[in-house]
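# Structural description and commentary
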Amino acid sequence: MGYFFNVEELVKNPCVKKVSLRGMTLTTAFRVQLFQAWKAGQNVEAIVQMLEKNGITKELTSDTYALSIESSFKTGAFRSILYRKSG
């Protein structure tokens, strides 16, 4: 089983671009907001608060989802989105 337990609820969320039992893609605009919140606080709690503020709770995903987002921010895997040229 993946991170996501409540696909039906998550698919209704405007911050979610795509969701399945194996994964979820957040909208680019929301990912940028998450990155900015994390960058300001430099901790996973900033990500958890932003997710919950936008209706993506641990009950809908898992306890480790915010940690996986933070990991992508720390490794720089996310930053390429910020610098992509629109085509």
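Below or above, wherever it landed, is the structure these notes cover. In this text the structure is predicted, and so the values were computed from the model without any measurement. (Residues numbered from 1 in each chain as written. Predicted model: local features only at pLDDT ≥ 70, side-chain atom pairs only at ≥ 80, totals over all residues. Heavy atoms only, no water.)

Here we take up a negative patch on the surface. A cluster of like negative charges, contributed by Glu45, Glu52, Glu59 and Asp63, occupies part of the molecular surface. By the secondary structure assignment, Glu45 is in helix α3 (residues 44-53). (Patch = residues over 30% accessible without salt bridge, like charges linked within 9 Å, V, L, I, M, F, W, Y side chains within 5 Å. Areas by Shrake-Rupley, 256 points an atom, 1.4 Å probe, with all protein chains shown as cover. Salt bridge = Lys/Arg side-chain N within 4 Å of Asp/Glu carboxyl O. Lys, Arg positive; Asp, Glu negative; His and termini not counted. Charge placed at Lys NZ, Arg CZ, Asp CG, Glu CD. Helix = DSSP H or I, 4+ residues; strand = E, 2+ residues; numbered from the N terminus.)

Below, the discussion takes up the packing of α3 against helix α4 (residues 65-75). Remark: α3 packs on α4, axes separated minimally by 9 Å, with the N-to-C direction vectors making an angle of 120°. On the basis of the axis angle, α3 is oblique to α4. Seen from above, α3 lies across α4 with right-handed handedness. Judged by residue contacts, Val44, Ile47, Val48 and Leu51 of α3 engage Tyr65, Ala66, Leu67, Ile69, Glu70 and Phe73 from α4. (Axes fitted to C-alpha atoms, helices over the stretch in contact; angles between N-to-C directions. Parallel < 35°, antiparallel > 145°, perpendicular 65-115°, else oblique. Left-handed = near helix turned anticlockwise from the far one by under 90°. Contact = heavy atoms within 4.5 Å.)

This paragraph deals with the nonpolar core. One finds Leu26, Leu34, Leu51 and Ile56 to be the most contacted residues of the largest nonpolar core, which totals 22 residues. With 5 residues, helix α2 (residues 28-41) is the largest single contributor of residues to this core. Not counting residues within four places of it along the chain, the set of residues in contact with Leu34 comprises Leu26, Ile47, Met50, Leu51, Ile69 and Phe73. (Core = buried A, V, L, I, M, F, W, Y, C linked by side-chain atoms within 4.5 Å. Buried < 20%, exposed > 50% of the residue type's maximum accessible area, 1.4 Å probe, protein only.)

The full count for this structure, using the stated rule, is 2 salt bridges. Between Lys12 and Glu9 there is a salt bridge, and its shortest N-O distance comes to 3.5 Å. Among the ionic pairs, Glu70 bridges to Lys74, the shortest N-O distance being 3.9 Å. Placement of both Glu70 and Lys74 in helix α4 is noted, with a separation of 4 residues, approximately one turn of the helix.

Further remarks concern the packing of aromatic side chains. Under the counting rule described, the total for this entry stands at 3 aromatic pairs. A ring pair is formed by Phe35 and Trp38, whose centres lie 6.0 Å apart and whose planes are at 40°; its orientation type is tilted. Within this pair, Phe35 and its partner Trp38 are both found in helix α2, separated by 3 residues, close to a single helical turn. Judged by centre distance (5.5 Å) and plane angle (45°), the rings of Trp38 and Phe73 are tilted. In this pair, Trp38 is assigned in helix α2 and Phe73 in helix α4, connecting sequence segments 35 residues apart. Three or more aromatic residues joined by ring pairs make a cluster, and in this case those are Phe35, Trp38 and Phe73. (Phe/Tyr/Trp six-rings, centres within 6.5 Å; stacked < 30°, edge-to-face > 60°.)

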